[in-house]
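# A structural walkthrough
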Amino acid sequence: MEKLYKFLKYTFIILWTVFIVAPFLWAISTSFKDFQSVNSKVTYIPWLDFEPTLEGWRVLVKSPARGGVDIVEPYFNSLFVTCTASLISIVLGTLAAYALSRFTFKAGFVRNNDITFFFISQRIMPPIVLSIPFFIFLSTIGLLDSLIGLVVVYIVLLMPIAVWIMVDFFNRVPKELDETALIDGCNPYQAFYKVVLPNSIPGLIVAGMFCIIFGWIDFFFAFILTFTEVQLLPVKVVALNSSITPWWSLSASALISVAPLIIVAFVVERYLSKGNLSGALK
């Protein structure tokens, strides 16, 4: 029975690894192909099945006037919007989560859990419901088709994630830490910044990772709220698809677009384990 369990376990791990890695290998191989290599026959191995070329990568940095698509500006636009909105969302969301975790709020029948659910409900709501209000709001204040306007929208979308994660994390931090800090002469603000917050760094990193991921991959609002002045990377990548799909440049752009997320995942991977989250409280 134990041998069967090991066999099934490792078989599942191998199959899952192939399922995850195969699309990346296919994209890497296709990014070094040209039109003939993609459409003539099934080829995978460079120099053996086909002659590799860098044209799929060169197209991404060429200007449209020279026959390229130039994803450099959309790439940095996405970095700016995602990082700025994530940072602000983490700051505001952490403060809101700490208040919901440590203090009791009551307004009629509304309690702390209701306020927390209100934040979470913003992510449950279909994006199409928010598109028209966001469009009208940004148009009214003159921020439609601008980076600042997208930052504002992304803060609204990402802050509920930060609140949701950090409320749960602060609830795991013993309130005795706050009380001890107050006894030692700290005021409530110092207790938060000097005692509770340093013990919450793993939670902040996890919340930040999810904010970055959801902000980076958003296509809907980046497409609805921008036109000509500003373009984000997801919109630019989708725009590559035409009547004749350039799979070589599409694969290269896909690899470039997922690279930041892979880096973030490797950096914060150790904080995702339950042991590290619990160990921060000791």
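Look up: the structure comes first, before these words.
This section reports on the structure supplied with the text. (Residues numbered from 1 in each chain as written. Predicted model: local features only at pLDDT ≥ 70, side-chain atom pairs only at ≥ 80, totals over all residues. Heavy atoms only, no water.)

## Thoughts on the overall build of the protein
Heads up, the condition is: Under the scheme used here, helices are H or I runs from DSSP no shorter than 4 residues and strands are E runs no shorter than 2 residues, and both carry numbers assigned from the N terminus. Both definitions apply: the radius of gyration is a C-alpha atom measure, and the globule rule equals 2.2 Å times residues to the power 0.38. Accessibility here uses a 1.4 Å probe with only protein chains present; expressed as a share of the type maximum, an area under 20% marks a residue as buried, one over 50% as exposed, and anything in between as partly exposed. Contact criterion: two residues are considered in contact whenever any of their non-hydrogen atoms come within 4.5 Å of each other. Working definition of accessibility: Shrake-Rupley area with a 1.4 Å probe, residue cover restricted to the visible protein chains.
Broken down by element type, the protein carries 14 helices and zero strands. Beginning at the N terminus, the succession of helices and strands in the protein can be written as α-α-α-α-α-α-α-α-α-α-α-α-α-α. In terms of overall size, the protein is more extended than a compact globule, its C-alpha atoms giving a radius of gyration of 24 Å where 282 residues would be expected to give roughly 19 Å. Principal-axis analysis of the C-alpha atoms places the extent of the protein at approximately 75 × 65 × 35 Å. Taking all 282 residues of the protein together, 38% fall into the buried category. For the protein, restricting intrachain contacts to residue pairs at least 6 apart in sequence, the fraction spanning at least 24 positions comes to 71%. Accessible area of the protein: about 17000 Å², with a carbon and sulfur share of 71%.

## Considering the nonpolar core
Basically, it comes down to this: Nonpolar cores were defined as sets of buried Ala, Val, Leu, Ile, Met, Phe, Trp, Tyr and Cys residues, with membership established by side-chain atoms within 4.5 Å.
Within the largest apolar cluster, 37 residues are counted, with the highest numbers of intra-cluster contacts made by Val153, Tyr154 and Phe221. Of all the secondary-structure elements, those providing two or more residues to this core are helix H4 (72–102), helix H6 (127–141), helix H7 (147–172), helix H9 (188–196), helix H10 (201–217) and helix H11 (220–224). Looking at which element gives the most residues to this core, the answer is H7, with 15 residues. The next biggest cluster of nonpolar side chains, apart from the first, holds twelve residues, and it includes Val59, Leu60, Leu250 and Ala252.

## Overview of the packing of aromatic side chains
So the rule is basically this: Geometry of aromatic contacts follows a simple scheme: Phe, Tyr and Trp rings, the Trp one being its six-membered ring, pair when their centres are within 6.5 Å, and the pair is stacked under 30 degrees between planes, edge-to-face over 60, tilted otherwise. Put simply, a charge is over a ring when the Lys NZ or the Arg CZ is close to the ring centre, within 6 Å, and near the line of the ring normal, within 35 degrees.
Scanning the entire structure with this criterion turns up 16 aromatic pairs. Taking the centre distance of 6.1 Å and the plane angle of 70 degrees together, the rings of Phe118 and Phe119 count as edge-to-face. Of the aromatic side chains, those joined through ring pairs into one cluster are Tyr98, Phe103, Phe170, Phe192 and Tyr193. Geometry around Phe214 places Arg123 over its ring, the cationic atom sitting 5.1 Å from the centre.

## Describing the pattern of salt bridges
For clarity, the cut-off: Between Lys or Arg on one side and Asp or Glu on the other, a salt bridge is scored when a side-chain nitrogen of the former is within 4 Å of a carboxyl oxygen of the latter.
The full count for this structure, using the stated rule, is four salt bridges. As a salt-bridge pair, Arg58 and Glu55 come within 3.7 Å of each other at their nearest N and O atoms. Taken together, the residues span about one helical turn, with Arg58 and Glu55 both in helix H3 (residues 55–61) at a distance of three residues. Between Glu55 and Lys62 there is a salt bridge, with its nearest N and O atoms 3.5 Å apart. By relative accessible area, Glu55 is classed as partly exposed at 30%.

## Remarks on the packing of helix H1 (residues 2–31) against helix H13 (residues 247–268)
Rules: Axes, fitted as lines to C-alpha atoms, cover a helix only where it is in contact. Angles between the N-to-C directions of the axes lie from 0 to 180 degrees. Oblique is the label for every angle not falling under 35 degrees (roughly parallel), over 145 degrees (roughly antiparallel), or within 65 to 115 degrees (roughly perpendicular). Working rule for handedness: look at the near helix, and if it is turned counterclockwise from the far one by less than a right angle, call the crossing left-handed; if clockwise, right-handed. Polar here means any residue other than Ala, Val, Leu, Ile, Met, Phe, Trp, Tyr, Cys and Pro, which are nonpolar, and Asp, Glu, Lys and Arg, which are charged; Gly is therefore polar.
At a minimum axis separation of 8 Å, H1 and H13 run at an interaxial angle of 130 degrees. It follows that H1 is oblique to H13 by the angle criterion. Classified by chirality, the crossing of H13 by H1 is left-handed. Every residue of H13 that contacts H1 at Phe24, Trp26, Ala27, Ile28, Thr30 and Ser31 is listed here: Trp247, Trp248, Ser251, Ala252, Leu255, Val258 and Ile262. Per-class residue counts for the contact of H1 with H13 are ten nonpolar, three polar and no charged.

## Observations regarding the layout of surface pockets
Put simply, the test is: Here a cavity is any set of points on a 1 Å grid over the protein atoms alone where a 1.4 Å probe fits but cannot get out, and a pocket is any open set with protein on both sides within 12 Å along at least 5 of 7 lines; a residue lines the site when it has an atom within 4 Å of a point. Grid points are joined across faces, edges and corners, and a volume is the space filled by probe spheres set on the points.
Estimated volume of the largest pocket: approximately 280 Å³. Taken together, 14 residues form the lining of the largest pocket, with Tyr98, Arg102, Phe103, Pro188 and Phe192 sitting closest to its centre. Secondary structure elements with two or more residues in the lining of the largest pocket: H4, helix H8 (175–183) and H9. Of the residues forming the lining of the largest pocket, the biggest block, five residues, is contributed by H9. Of all elements in the fold, only helix H5 (112–124), H6, H7, H10 and H11 reach the threshold of two or more residues within the lining of the second largest pocket.

## Digging into the state of the cysteines
Heads up, the condition is: The rule for a disulfide is simple: a pair of cysteine sulfur atoms within 2.5 Å.
Counting across every chain of the model gives zero disulfides. Of all cysteine sulfurs in the structure, the one in Cys211 sits closest to Cys83, which takes part in no disulfide; the separation is 11 Å.

## Remarks on the environment of Gly215
Position of Gly215 relative to the elements: it lies in helix H10. With 83 residues separating them along the chain, Gly215 and Ile132 place their C-alpha atoms 19 Å apart.

## A short note on unusual backbone geometry
Even without being a glycine, Asp70 presents a positive backbone phi close to 50 degrees. As for its placement among the helices and strands, Asp70 is situated in the loop between H3 and H4.

## Thoughts on the packing of H10 against H13
Angle between the axes and distance between the axes are the two parameters that describe a pair of packed helices. Packing of H10 against H13 brings their axes to within 11 Å, and their N-to-C directions diverge by 170 degrees. As summarised for this structure, H10 and H13 are arranged roughly antiparallel, according to the angle between their axes. In this structure, H10 uses Ile205, Met209, Ile212, Ile213, Trp216 and Ile217 to contact H13, whose residues at the interface are Ser257, Pro260, Leu261, Val264 and Val268. When the residues that make up the contact of H10 with H13 are grouped by side-chain class, the tally is ten nonpolar, one polar and no charged.

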